[in-house]
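What follows is each chain in one-letter form.
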Amino acid sequence: MLKPGDSQRVAELMRETAAAELLPRFRNLAKEDVRQKRPGDFVTVADVASEQRLASGLASILPGVPVVGEEAVEGDAGLVDLIARPGETCWVVDPLDGTSNFAAGRDRFAMIVCLIHDRETIGGWILDVPNDRLAVALKGQGTTLDGVPVLGKPPDRPPKGLVGYRVRKEIDRQLASAPRQRLGELTTLNCAGREYIELLSGAFDFNLYRMTKPWDHAAGALMLAEAGGQALRLNGEPYRPAGRMEAGIVAATSSEVVAEAKAVYEMVQMPLLVPRP
């Protein structure tokens, strides 16, 4: 599928796109450059320009392979079906992950590209744009962060997690001291790509979310698995990008940490998840 050198071409395309479309607009957006697709879900001119440049560049790397971009899906929801189609190959792109941070001038945003073949993620690239940190994973070939192989191991302390606000709130509200202390700090960066970089660096140990859009999580889930860890749906099934978005994810570079985080989560009674329209 990918020829020698293609993975590097993807990485170069991402850095070129960030330099041309994202960084010049960071903290330089006019009011009319930002809008809401729905309450709380922002898009900027940078998202659209970045996706267009990525789509054009990816088409030259693998001609004829369609691109499922977050912003393109807004205009054609049926594009998502390509991810679940047997035998299909497609790119899945988040051109600006952490748009709300970007629009507010917070330096926590990323760019995510992954390649899916026959409903499985076979390649993933995440660029932490402000810090120029790049993670890459190819199925069966491991994961690197800034060119250094990543091999996860359980921490020697309660695992720290990147967890959605509502889950975090209910864990803190419902659990008594002893079970809550099985986990360490829980927070969110409001940017899935940046969070996967932090998991690979060892700054945090797991993530846990109930809503999992494929452009946010497919690349990172592959990276954690290729680093020796695991990515599961909240029902215990392996994470796959074609699964239901509301099936959730719990993932880490260590299967022991996944088991511990999942066990604590299952002690909590969560309110019903109502997917956004």
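Structure shown above.
Along each chain, residues carry numbers from 1 onward, in the same order as the chain's sequence is written. Only residues with pLDDT of at least 70 are given local features in this predicted model, and only at 80 or more are side-chain atom pairs given and counted; all residues enter the totals for whole chains, interfaces and linings. Hydrogens are left out, water is left out, and the side-chain values use all remaining heavy atoms of the structure.

Peer 1: Outline the sheet that holds strand S6 (residues 120–128), listing residues and values.
Peer 2: By the convention used here, strands pair only if DSSP detects at least 2 bridges between them. Secondary structure is summarised from DSSP: a helix means a run of H or I of at least four residues, a strand means a run of E of at least two, and numbering begins at the N terminus for each. Taken in spatial order, the seven strands of this open sheet run S3-S4-S5-S6-S7-S8-S9, and their pairing is mixed. The strands lining the two open edges of the sheet, one partner per strand, are strand S3 (67–69) and strand S9 (148–149). As paired strands, strand S4 (residues 89–97) and strand S5 (residues 110–117) are joined by seven bridges and run antiparallel to one another. Bridging across to S5, Asp97 finds its partner in Ala110.

Peer 1: Report on the sheet that holds strand S14 (residues 249–252), specifying residues and quantitative values.
Peer 2: The five strands are arranged S11-S10-S12-S14-S13 in an open sheet whose pairing can be described as mixed. Here the strands that pair on one side only, and so sit at the sheet edges, are strand S11 (186–187) and strand S13 (230–232). As judged from the three bridges shared by S13 and S14, these two strands associate in the antiparallel manner. If you follow Leu232 over to S14, its bridge partner there is Val250. Throughout, a contact is declared for two residues whenever any of their heavy atoms are within 4.5 Å. In this description, a line fitted to the C-alpha atoms serves as the axis of each element, helices being fitted only across the stretch in contact, and the angle between N-to-C directions of two axes falls anywhere from 0 to 180 degrees. Here helix H8 (residues 214–226) sits on the sheet in contact with strand S12 (206–209), S13 and S14, set at roughly 40 degrees to S14.

Peer 1: Outline the packing of aromatic side chains, supporting the account with residue identities and numerical values.
Peer 2: Centre distance within 6.5 Å is the pairing criterion for rings of Phe, Tyr and Trp, where only the six-membered ring of Trp is used; planes under 30 degrees apart are then read as stacked, over 60 as edge-to-face, and the remainder as tilted. Applying the stated criterion to the full structure yields four aromatic pairs. When the ring of Trp91 is compared with that of Trp125, the centres are 6.0 Å apart and the planes differ by 50 degrees; the resulting orientation is tilted. Taken together, the positions of Trp91 in strand S4 and Trp125 in strand S6 put the pair 34 residues apart, joining distant regions of the chain. Exposure classes here rest on a 1.4 Å probe applied to the protein chains alone. A residue is buried below 20% of its type maximum, exposed above 50%, and partly exposed in between. Among the residues examined, Trp125 registers a relative accessible area of 0% and is labelled buried. Taken together through their ring pairs, the aromatic side chains of Phe26, Phe102 and Phe109 make up a single cluster. One residue, Lys160, lies across the ring of Phe204, its end atom 5.1 Å from the ring centre. Ring-over charges, as used throughout, are those where CZ of Arg or NZ of Lys falls within 6 Å of the ring centre and within 35 degrees of the ring normal.

Peer 1: Pulling in residues and values, what's your account of the nonpolar core?
Peer 2: Note on terminology: a nonpolar core comprises buried Ala, Val, Leu, Ile, Met, Phe, Trp, Tyr and Cys residues joined through side-chain atoms within 4.5 Å. One finds Val68, Cys90, Val92, Ile126, Tyr196, Leu200 and Ile249 to be the most contacted residues of the largest nonpolar core, which totals 36 residues. Sorting the residues of this core by element identifies S4, S5, strand S7 (133–138), helix H7 (192–201), H8 and S14 as the ones contributing at least two each. Top element by residues in this core is H8. It accounts for seven residues. Within the second largest apolar cluster, 28 residues are counted, among which are Val10, Leu22, Val113 and Leu127.

Peer 1: I'd like to hear about the packing of helix H1 (residues 6–22) against helix H2 (residues 45–61), residue by residue, with values.
Peer 2: Across the interface, H1 lies against H2 with an axial gap of 9 Å and an inter-helix angle of 155 degrees. When the interaxial angle is binned, H1 and H2 end up roughly antiparallel. The element H1 and its partner H2 pack so that their crossing is right-handed. Taken together, the residues of H2 that come into contact with H1 (itself represented by Asp6, Arg9, Val10, Leu13, Met14, Thr17, Ala20, Glu21 and Leu22) are Ala46, Ala49, Ser50, Arg53, Leu54, Gly57, Leu58, Ser60 and Ile61. Between 65 and 115 degrees an angle is taken as roughly perpendicular, under 35 as roughly parallel, over 145 as roughly antiparallel, and anywhere else as oblique. Helix crossings are classified by the rotation of the near helix relative to the far one: an anticlockwise turn of less than a right angle makes the crossing left-handed, while a clockwise turn makes it right-handed.

Peer 1: Requested: an account of the pattern of salt bridges, with residues and values cited.
Peer 2: The salt bridge definition used is simple: a Lys or Arg side-chain nitrogen within 4 Å of an Asp or Glu carboxyl oxygen. By the definition in use, this model includes 20 salt bridges. The shortest N-O distance in the salt bridge between Glu120 and Arg240 comes to 2.9 Å. In this pair, Glu120 is assigned in strand S6 and Arg240 in the loop between S13 and S14, connecting sequence segments 120 residues apart. Residue classification places Glu120 among the partly exposed positions, given a relative accessible area of 28%. Judged by its relative accessible area of 41%, Arg240 falls in the partly exposed class. Here Arg157 makes a salt bridge to Asp205, at a shortest N to O gap of 2.5 Å. Placement of the pair is Arg157 in the loop between S9 and strand S10 (161–163) and Asp205 in the loop between H7 and S12, with a sequence separation of 48 residues. Residue classification places Arg157 among the partly exposed positions, given a relative accessible area of 32%. Salt bridges here are not isolated pairs; linked through shared partners, they connect Lys37, Asp41, Glu70 and Glu71.

Peer 1: Kindly report on unusual backbone geometry, identifying the contributing residues and their values.
Peer 2: The residue Asp118 is not glycine, and still its phi comes out positive at about 50 degrees. Among the secondary structure elements, Asp118 is positioned in the loop between S5 and S6. The exposure class assigned to Asp118 is partly exposed, which follows from its relative accessible area of 34%. With a phi close to 55 degrees, Asn190 is a non-glycine residue in the positive phi region. Inspection of the secondary structure assignment puts Asn190 in the loop between S11 and H7.

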